[in-house]
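Listed below, chain by chain, are the residues.
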Amino acid sequence: MTAAQKAQTLRSLYDATEILRVVNVWDVVSAKAIADLDQTTALATAGHSIAATFGYPDGQIPRELMIDMVGRIAASTELPVSADLDDGYDDAGETTRLAIGVGVVGANVEDRLKPLAESVAVVEAIVKAGEAEGVPFVLNARTDAFVRANGRPVEESIADAIERGRAFLDAGAASVFIPGILNADVTRQLVDGIGQRKISVIGLPGALTAAEYEALGVARISYGPTTQRVALTALQDVASSLYADGVIPEGTRALN
């Protein structure tokens, strides 16, 4: 498929009645392991995990390293790839152009609760960059209304997320990513305020299941850095076993 066709495929997955489940990856070998599963319809990268891979805190990895890695991931599969591009690296349009150039057809870009007009301008720049490249780039515009709430009442975060979400959709975003542990009542209010199949959530301990979010009208669920944490937990646990004179577990698959 061409980049434009992959973008259209990704958009259709967001619009479908069934929730889009993406298991986040951080390098080529993790991408291949997930892409090989029959259930996988698209890949999404985890910016936090890629930054950790290179030894950077979340949000502080240089753009060139991030683009290089998401490009390697995109080149490893025929599936559409959506990348976590942090806040756009101070030039969201150029970052989008670079991402498209390496095969990425969608992205998360976060607002970090910057002024609304500034955040909308970022969305517009991303959409325009996709149009200029001939790719209907699938932007999952992230608002940090909950993760940067700083103790404000949840009702204020809901109202803020709805205002920002509507503005992002009006500016051309495909969906609105609202990270945080969202219960059923909060999710229902967000869907009512922003729209059916227009909200993206993150699956965290204490959150709802994918099926529960699907029933509430959520478009997409991803898992952020937690998939890498699961892999690293398994690595550390087997290392402890080996130090204690254990052996590699039977049934270990040659996925590398």
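Residues numbered from 1 in each chain as written. Predicted model: local features only at pLDDT ≥ 70, side-chain atom pairs only at ≥ 80, totals over all residues. Heavy atoms only, no water.

> Looking at this model, I keep getting lost on the environment of Leu 208. Mind explaining?
Note on placement: Leu 208 falls in the loop between strand S7 (199-202) and helix H9 (210-215). Spatially, the C-alpha atom of Leu 208 lies 6.6 Å from that of Asn 183, the residues being 25 residues apart in sequence. With sequence-adjacent residues up to four places away left out, Leu 208 is seen in contact with Leu 182, Asn 183, Ala 184, Tyr 213 and Leu 216. (Helix = DSSP H or I, 4+ residues; strand = E, 2+ residues; numbered from the N terminus. Contact = heavy atoms within 4.5 Å.)

> Honestly, unusual backbone geometry in this entry has me stumped. Any pointers?
Most peptide bonds adopt trans geometry, and most residues besides glycine take a negative phi value. Even without being a glycine, Tyr 89 presents a positive backbone phi close to 60 degrees. Within the secondary structure, Tyr 89 is located in the loop between strand S3 (81-84) and helix H5 (92-101). If you check the backbone angles, Arg 112 has positive phi at about 50 degrees while not being a glycine. Relative to the assigned elements, Arg 112 resides in the loop between strand S4 (106-110) and helix H6 (116-132). The class of Arg 112 is partly exposed, set by a relative accessible area of 22%. (Buried < 20%, exposed > 50% of the residue type's maximum accessible area, 1.4 Å probe, protein only.)

> So what exactly am I meant to see when it comes to the packing of H6 against helix H7 (residues 154-170) here?
How two helices pack is summed up by the angle between their axes together with the distance between the axes. Where H6 contacts H7, the two axes come as close as 9 Å, and the packing angle between them is 35 degrees. Note on packing geometry: the crossing formed by H6 with H7 is right-handed. Every residue of H7 that contacts H6 at Leu 116, Ser 119, Val 120 and Val 123 is listed here: Glu 163, Arg 164, Ala 167 and Phe 168. Split by residue class, the contact of H6 with H7 holds five nonpolar, one polar and two charged. (Axes fitted to C-alpha atoms, helices over the stretch in contact; angles between N-to-C directions. Left-handed = near helix turned anticlockwise from the far one by under 90°. Nonpolar A, V, L, I, M, F, W, Y, C, P; charged D, E, K, R; others polar.)

> Got a minute to help me understand the environment of Leu 65 in this structure?
Mapped onto the secondary structure, Leu 65 falls in helix H4 (residues 63-75). Remark: the alpha-carbon pair of Leu 65 and Val 147, spanning 82 residues in sequence, is separated by 26 Å.

> Explain the layout of surface pockets here, please?
Any empty space left between the atoms is revealed when a probe the size of a water molecule rolls over them. A volume near 870 Å³ is recorded for the largest pocket. Along its surface, the largest pocket is lined by 21 residues, and Trp 26, Ala 231, Leu 232, Ala 234 and Leu 255 are the ones closest to its centre. When contributions to the lining of the largest pocket are tallied by element, the ones reaching two or more residues are helix H2 (28-35) and helix H10 (226-243). Tallying contributions element by element places H10 first for the lining of the largest pocket, with seven residues. Its residues assigned to classes, the lining of the largest pocket shows 14 nonpolar, five polar and two charged. Taken as a whole, the second largest pocket holds about 400 Å³ of empty space. In terms of lining residues, the second largest pocket is bounded by 26 residues, among which Asp 58, Asp 84, Arg 142, Ile 202 and Pro 225 are the most central. Of all the elements in the fold, those that place two or more residues in the lining of the second largest pocket are helix H3 (47-53), S3, S4 and strand S8 (220-222). The element best represented in the lining of the second largest pocket is S3, accounting for three residues. (1 Å grid on protein atoms, 1.4 Å probe; cavity = no way out; pocket = protein on both sides within 12 Å on 5 of 7 lines; lining within 4 Å. Points joined across faces, edges and corners; volume = space filled by probe spheres on them.)

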